[in-house]
Amino acid sequence: MHKTVLLAESAFQLNLKKGDVVVDATLGMGGHTIELAKIVGEKGRVIAIDMDAVAIREAKNRIKKEHKEFLDRIIFVKDNFKNIDKIVAGQGTSAIKVKGVLADLGWRIEQINDPAYGLSFNVDARLNMRLDEAGDSPEDSEDAFDIINSWSADDLERLFRELGEERFSKRIVIAIKEARKEKEIKTTMELANIIEESVGHRGRKGGRKIHPATKVFQALRIQVNSELNNLNVFLENALKVLEKDGRLAIISFHSIEDRIVKNFCKSGTKGCVCPKEFPICKCGKEPKLKLITKKPIIPSDLELKENRRARSAKLRVIQKK
Ligand SMILES: C[S@@+](CC[C@H](N)C(=O)[O-])C[C@H]1O[C@@H](n2cnc3c(N)ncnc32)[C@H](O)[C@@H]1O
Ligand SMILES: [Zn+2]
């Protein structure tokens, strides 16, 4: 089962009190939500968002079984977290603000292994990768099948390089183009095999222990679900709903996401933007944020031993000024 990452660390960093309202933007199996519900107590509220209906259903069932007493303080919302401003506004009569926002980015292992989403090269499935509930997406939105079978070689190469940080993208795209001439590439296994054959032994050498298709699959998943755009919009909108001194805590799992979070934190903590030659500040710009974690918090050795997924986790925290 999915193990919650950096649970104690992220809850502690949000610095909540009894009676606070907090948003868990990525409910998942509810690991963080349960902890936050405990901290804010009977009078507090946790607005728990997930765009996957399966996650909402299963987390609700779990909480009903294990922590029935928390049900009244959790508000479940099936939506994309990029809409956090509208979601929070929709909860009260006036535009309410919250004391904390948490996001534990990415996907649960149950989603990765569910053939309905076509995310894994270990389970053969139609190349889909749309995570807003399997089969629930508008028919015309582009899925992994469309990308693999219709994008130009240049676009595919750039996608694998930029969103997958794949070193062998050129070689892989040549193989995809060859395979496409024969027939459409329909399933996750078909694609994984084409990649594995094209990279051959190179894919396993040089300390590369992951499956050679991992990075291409990551790039496709990010593209199909507009993950980077969702994250950028979410960060901006999360600031809007935070009270003064409220905190935003983000856990990311790969360098592309972490870079976005890091840059967001950095740019918000900058004040004056006057040219260096100015003897005194004329712009009057004040920093919007205070950096709480100068360096990201990473899991303890104990957590790393118990959970492989925690290996690449990074927690960054900021406070609204
Ligand atoms: C890593 S899991 C969260 C696990 C959770 N913290 C726990 O302890 O069980 C991430 C969850 O975020 C959801 N998710 C990913 N992107 C989302 C988005 N843009 N909007 C809403 N939910 C999203 C996924 O469906 C998944 O259930
Ligand atoms: Zn200035």
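Everything numeric in this text was worked out from a predicted model, so none of it was measured.

## Comments concerning helix α10 (residues 214–224)
Buried residues dominate α10, accounting for eight of its 11 residues. Inspection of α10 places V216, F217, Q218, A219, L220, R221, I222 and V224 among the buried residues, and these make up the whole buried set. Of the residues trailing α10, S226 is marked for its positive phi of about 45°.

## Digging into the packing of helix α7 (residues 153–164) against α10
At their nearest, the axes of α7 and α10 sit 8 Å apart, and the two run at 95° to each other. What the angle tells us is that α7 and α10 run roughly perpendicular. Residues L159, F160, L163 and G164 of α7 touch α10, and the partners they reach there are K215, V216, Q218, A219, L220, I222 and Q223. Taken together, the residues that form the contact of α7 with α10 break down as seven nonpolar, three polar and one charged.

## Re the nonpolar core
Judged by nonpolar contacts, the single largest core of 66 residues is most densely connected at V101, F160, F234 and L248. Here the element with the most residues in this core is helix α11 (residues 227–241); it accounts for seven residues. Both domains that meet at this core, namely domain 1 (7–108 + 227–320) and domain 2 (133–224), each give it at least three residues. Not counting residues within four places of it along the chain, the set of residues in contact with V101 comprises L14, V22, V23, I84, F234, A238, V241, L242, R247, L248 and A249. V5, L102, A249 and A313 belong to the second-largest nonpolar core, a separate cluster that totals 28 residues.

## Brief notes about the domain arrangement of the chain
When its domains are assigned, the chain resolves into domain 1 (7–108 + 227–320) and domain 2 (133–224). One C-alpha centre belongs to domain 1, the other to domain 2; they are set 31 Å apart. Each partner contributes residues to the interface: domain 1 has 11 residues there, and domain 2 has nine residues. In this assembly, domain 1 packs against domain 2 so that about 770 Å² is buried in total across both faces, 50% of it on carbon and sulfur atoms. If you sort the residues of domain 1 by the area they bury against domain 2, E227, H254 and I256 come out on top, with a joint share of 50%.

## Concerning the environment of D301
By the element assignment, D301 lies in helix α13 (residues 301–306). Along the backbone, D301 and E166 are 135 residues apart, and their C-alpha atoms lie at a distance of 29 Å.

## Section: the coordination of the zinc ion (ligand 2)
Here the zinc ion (ligand 2) is held by the protein donor atoms C272 (SG), C274 (SG), C281 (SG) and C283 (SG), which lie 2.3 to 2.4 Å from it. Between the four donor atoms coordinating the zinc ion (ligand 2), the angles at the centre fall across 104 to 117°, so the site counts as tetrahedral. All donors of the zinc ion (ligand 2) belong to a single chain; written as a sequence motif, their spacing is C-x1-C-x6-C-x1-C. Overall, C272 belongs to the partly exposed group, its relative accessible area being 42%.

## Let's talk about the sheet that holds strand β6 (residues 289–291)
Taken in spatial order, the seven strands of this open sheet run β3-β2-β1-β4-β5-β7-β6, and their pairing is mixed. Strands with a single pairing partner mark the edges of an open sheet, and in this sheet they are β3 (74–78) and β6. Looking at each pair of strands side by side, their axes are set apart by 20° on average, direction ignored. Pairing between strand β1 (residues 21–24) and strand β4 (residues 98–104): three bridges, direction parallel. Bridge pairing links V22 to G100 in β4. Those strands touched by α11 are β4, β5 (242–252), β6 and β7 (314–320), and its axis lies near 150° from that of β5.

Scoring rules and cut-offs
Residues numbered from 1 in each chain as written. Chains lettered and ligands numbered in written order. Predicted model: local features only at pLDDT ≥ 70, side-chain atom pairs only at ≥ 80, totals over all residues. Heavy atoms only, no water. Buried < 20%, exposed > 50% of the residue type's maximum accessible area, 1.4 Å probe, protein only. Helix = DSSP H or I, 4+ residues; strand = E, 2+ residues; numbered from the N terminus. Axes fitted to C-alpha atoms, helices over the stretch in contact; angles between N-to-C directions. Parallel < 35°, antiparallel > 145°, perpendicular 65-115°, else oblique. Contact = heavy atoms within 4.5 Å. Nonpolar A, V, L, I, M, F, W, Y, C, P; charged D, E, K, R; others polar. Core = buried A, V, L, I, M, F, W, Y, C linked by side-chain atoms within 4.5 Å. Domains from an automatic or database assignment. Buried area = accessible area lost by both parts, 1.4 Å probe. Donors = N, O, S within 2.8 Å, 3.2 Å for Na, K, Ca; no water. Tetrahedral: all angles 85-135°; square planar, octahedral: opposite > 155°, others 65-115°. Pairing = 2+ DSSP bridges.

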